[in-house]
Amino acid sequence: MMMMLKTLLITSLLGWAKCQESQSMTPEEKTVIRDQIIEMFDHAYGSYMKYAYPADELMPLSCRGRVRGQEPNRGDIDDSLGKFSLTLIDTLDTLVVLNKLDEFEDAVRKAVRDVRLDNDVVVSVFETNIRVLGGLLGAHVMADLLRQRGDRMQWYQDELLHMAKELGHRLLPAFNTTSGLPYPKVNLRYGVLNPLSRTGTESDTCTACAGTMILEFAALSRMSGESVFEEHARKAMDVLWERRQRGSDLVGTVINIHNGEWVRRDSGVGAGIDSYYEYLMKAYILLGDNVFLERFNIHYSAIMKYISQPPLLLNVHMHNPTVSVRSWMDSLLAFFPGLQVLRGDLKPAIETHEMLYQVTKQHKFLPEAFTTEFRVHWGQHLLRPEFAESTYYLYKATGDPYYLRVGQSIVEKLNAYARVPCGFAAVQDVRTGAHEDRMDSFFLAEMFKYLFLLFSEKSQVPINIDDYIFTTEAHLLPVSLSTTQPPCQGNITETVPVPQEEDLFTHSCPSTETLFPNNPSFAKTIRDGYKYLTGVGRAFRPVPVREIELPLHDNGMEPVEFLKSMGISLTPLNEVTAGDIGSRKEHRGVYRVKLVAEVSQTPEEEEVVPHVVQLISPPFLGRTVLTAGPAKFGMDLSKQEHGVKGSIVKASPYTACGPIDNAEELKGHIALALRGDCMFAAKARRLQEAGVIGVIFIDHREGSNSDETPLFQMVGDGDSTEDITLALVFLFSREGAVLTAALEEHHNVDVLLLPKEKQLGQDKTEKPVGMNIKLRLAQEGELEEGAARGPTLEFVLEKDEVLLKEEEEEDLRGKQQSQQQQFCAKASESDRTEPRSADSSQTPNSGPDTNP
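How each quantity is defined
Residues numbered from 1 in each chain as written. Predicted model: local features only at pLDDT ≥ 70, side-chain atom pairs only at ≥ 80, totals over all residues. Heavy atoms only, no water. Helix = DSSP H or I, 4+ residues; strand = E, 2+ residues; numbered from the N terminus. Buried < 20%, exposed > 50% of the residue type's maximum accessible area, 1.4 Å probe, protein only. Contact = heavy atoms within 4.5 Å. Polar contact = N/O pair within 3.5 Å; in protein donor to acceptor, adjacent residues only side chain to side chain. Pairing = 2+ DSSP bridges. Axes fitted to C-alpha atoms, helices over the stretch in contact; angles between N-to-C directions. Disulfide = S-S within 2.5 Å. Salt bridge = Lys/Arg side-chain N within 4 Å of Asp/Glu carboxyl O. Phe/Tyr/Trp six-rings, centres within 6.5 Å; stacked < 30°, edge-to-face > 60°. Lys NZ or Arg CZ within 6 Å of the ring centre and 35° of its normal. Core = buried A, V, L, I, M, F, W, Y, C linked by side-chain atoms within 4.5 Å. pLDDT = per-residue confidence, 0-100.

Peer 1: Which residues make up the environment of Glu71, and what values go with them?
Peer 2: Residue placement: Glu71 occurs in the loop between β2 (64-66) and α3 (86-97). On the accessibility criterion, Glu71 (15% relative accessible area) is buried. Between the alpha carbons of Glu71 and Glu702 there is a distance of 9.3 Å; along the sequence they are 631 residues apart. Contact partners of Glu71, with chain neighbours within four places excluded, come to Met59, Arg64, Gly65, Arg66 and Glu702. Among the polar contacts listed, one links the side chain of Glu71 to the side chain of Arg64, at a separation of 2.9 Å.

This is how it looks when you write it as structure tokens:
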């Protein structure tokens, strides 16, 4: 008996070892992948320096730099660009992590020599803070460290810190509000309220925009000795905390910067909120202030109660958190498993990460947004690093080589599907693989840090990475900041204690001993439940099973796939064999499902009815037709017999996200508005108040077009959109450029907005009606009995108008065949194609008394 137990134990261990072996990675493999990552970085960074510097970003398809004002306006995306060599500054500390110290020193010299921060440019406060201020501070920390080591940077005299301080002062005017929440934009030269600033009219900002300042601003205060930065950032955090919904402890997505009222009340962990939660946790780590940890824990409990439905992360209404407000998730939430690792909550982190990995397997990359059924909602992929970030954190926490394989797949897909001759290009749509002419700076700042560190041992990194905290842009700030440089006097935020449920990790760091007690396969056990979530990779294994009945129809593929995702195996009953029946007892718990009743089902892909914008004024006269996408709200153009007609006028501001400056000009016309900055519904409401009769939204993504990108339906903002009654359509960038060029050239352009099937000049007989016609040859005057009682069609053939082919064809195949081919009108070719009047005497097949 003991010998049998030993054998079983050894067999089990060998099986476990074999399973682990399949996922493990040798040091040689890791070295190859690490070298590949360095080569990829060299390609991306080298392309930027060769083709784009000193521009802010590289356009990898055009092989040139993107200079603001010299390229078509992309709306709010361009607010990241401040003519301050954005990509260079954002990449500085990445050069150190990748051990490119010579390149780092050279890049710092360039930044100090070339970069100016006083440009007359309106920039995003949020983006400039995390990318530029964070980049300058992270690079200063690295430069100072190398200088202290004594072999490099001996010339460095804190120039980057001085630049950071200058930039901090240029961002401060944004905080000049009654609430303490910052304006979303600032002019680097003129601030916010100056008449020359071209900004300051905004009333709203996103929660993340206001709540993602504390790390950079506090670090700047601690390093410079000027407390004003940390004070303002703390105040903004205080306001967001005070404005949380007290019943649910959730925050909304968009807030009014003047009165602190919520503008959008949907709550999640993705776009608009994400880094607010991240900065509460990391502010505690960086600054050692318990206030931030207490707030984070309260928010986190609410998130896990209402938003986290493993493996999904939903969006709910902050005042009624049991109500989900949308059926899709955005890719920015991919950072959240990494934050959960910092919290020590690994089980939901593993679950959500595995779900995200399955989505990448299905679509190659994470789409910018995808439905809760894992279909593409918005197909764009901007080379975002959040999934790689969470992969890195999970590997650090678990040591599970599975996450090395996930990282390897990221590297391979970037090389296979995003690499171009001049860098790496964003993917315009994961369904088509078409590229977009952009390589955002965060690709170099974040993606290569996380991938390099994932495949590196501590000895292969020139700094001790555990001495630093990553900002949301992956810039490095020393965790020693709270002890070596204490907070400025009077700058500790007070808080009223809030009762909360505490768990193992409320006030302690994660521990692998606690998380994985003698169970090295713990993470795999969790992952396996989500392995075939999207239906990719499932092998079919017919197994003998018992029967239960569920109310589904045989063709109801959506419910069938849903049941599969729950682990319910489905097999048609007619496939049951005698062998199955005989072995049912060996497969307890596995059931055969009998599909017995029909349910209403959603199509695999929701049908999008193509619309058009048809230019009808001279010189176009209906010949120029632009394919457009519809909206799920506003006027239903399919019910308008003749569509909506009007002349087009550009909205000012073009994004229609602020007060409309040209309302009088727009009244009674169709407005052109650029996508971006705010929701479609918000734009539509503002323009409706201005008196427009319709809106044509134009995509801000350069080069997008209806030939390469599937049409989609514009959706509302989560709230009721019944108040919006306008005609609304969406044009991709290329089609929009045709329309705006026509407006610039002709100044007065009339258009029709209508479904494609109703466009002017279109042949209405695209779908011919088929009918069977029975022909019977009869003598003149002879009529089939009863034929006169119903509608009849009579062909009268005069003898002199019939050409007997029998006389022309030499190869006759019998009398019966010739009779079938016996009559043919003597009309010329033109007679058969040119229309004639009904009473024309030249019509060959109608006599003077014909009565059709």
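Peer 1: Which residues make up the sheet that holds strand β13 (residues 328-330), and what values do they have?
Peer 2: As summarised here, the arrangement of the three strands in space is β13-β14-β15, forming an open sheet in which the pairing is antiparallel. The sheet terminates laterally at β13 and β15 (376-378), the two strands that pair on one side only. This sheet shows a mean twist of 30° between the axes of neighbouring strands, independent of strand direction. Where strand β14 (residues 369-371) and β15 come together, two bridges link them in antiparallel fashion.

Peer 1: Summarise the state of the cysteines; cite the residues concerned and give the values.
Peer 2: Inspection of every chain in the model, using the stated rule, returns three disulfides. Across the disulfide, Cys206 is cross-linked to Cys209 (sulfur-sulfur distance 2.0 Å). Between Cys206 and Cys209 the sulfur-sulfur dihedral comes to about 90°; the bridge is accordingly right-handed. Judged by its relative accessible area of 16%, Cys206 is buried.

Peer 1: So what about unusual backbone geometry? Which residues, and what values?
Peer 2: Across the junction of Pro310 and Pro311, the peptide omega takes the value 5°, indicating a cis bond. Here Pro311 lies in the loop between β9 (308-309) and β10 (312-313). Of the consecutive residues Pro618 and Pro619, the connecting peptide bond is found in the cis state with omega at 5°. With respect to the secondary-structure elements, Pro619 resides in the loop between β24 (611-615) and β25 (624-628). Phi is positive for Lys364, which is not a glycine, with a value near 75°.

Peer 1: Provide a residue-level description of the pattern of salt bridges, including the pertinent values.
Peer 2: Taken as a whole, this structure holds 47 salt bridges when the rule is applied. Ionic pairing is found between Asp93 and Lys449, a salt bridge with its closest N-O pair at 2.8 Å. Highlighted residues: Asp93 in helix α3 and Lys449 in helix α16 (residues 441-454), separated in sequence by 356 residues. The same class applies to Asp93 and to Lys449, which are both buried. Overlapping salt bridges bring together Glu57, Arg74, Asp78, Glu127 and Arg131 as one network.

Peer 1: Could you give an account of the pairing of strand β26 (residues 644-650), with specific residues and numbers?
Peer 2: Where burial is concerned, most of β26 is hidden: five out of the seven residues are buried. As paired strands, β26 and strand β30 (residues 750-755) are joined by four bridges and run antiparallel to one another. For Lys645, the partnering residue across the bridge sits in β30 and is Leu752. Of the pairings in the sheet, the one linking β26 to strand β27 (residues 670-674) comprises three bridges and is parallel in character. Bridging across to β27, Lys650 finds its partner in Leu672.

Peer 1: Any details on the packing of aromatic side chains? Residues and values, ideally.
Peer 2: Under the criterion given, the structure shown has 26 aromatic pairs. On the basis of an interplanar angle of 55° and a centroid distance of 5.6 Å, the ring pair of Tyr392 and Tyr393 is categorised as tilted. Both residues of the pair, Tyr392 and Tyr393, belong to the buried class. In this structure, Arg244 packs its charged tip against the face of Trp241, placed 3.8 Å from the ring centre.

Peer 1: Give a detailed account of the nonpolar core, specifying residues and quantitative values.
Peer 2: Counting 169 residues, the largest nonpolar core has Phe104 and Leu414 as its most contacted members. Here this core takes twelve residues from helix α5 (residues 125-149), the largest share from any one element. When sequence neighbours within four positions are dropped, the list of residues in contact with Phe104 reads Leu92, Leu95, Val96, Ala139, Met142, Ala143, Leu146 and Met153. Grouped together as the second largest cluster of nonpolar side chains are 24 residues, Ala651, Leu666, Val692 and Leu728 included.

Peer 1: Talk me through the environment of Leu167; I want residue IDs and the actual numbers.
Peer 2: With respect to the helices and strands, the residue Leu167 is situated in helix α6 (residues 159-171). When the C-alpha positions of Leu167 and Val132 are compared, they lie 8.4 Å apart, and in sequence the two are 35 residues distant. In this structure, Leu167 is in contact with Leu117, Thr128, Val132, Leu133, Leu136 and Leu188, ignoring residues within four places of it in sequence.

Peer 1: Could you give an account of the confidence of the model for the protein chain, naming the residues involved and the relevant values?
Peer 2: Chain-level pLDDT for the protein chain is 81 on average; 74% of the residues reach the 70-or-more range. Contacts from residues 1-21, a stretch scored under 50 in pLDDT, to residues over four places away or in other chains number three contacts. Between residues 764-775, whose pLDDT stays under 50, and residues either more than four places distant or in other chains, the model counts four contacts.

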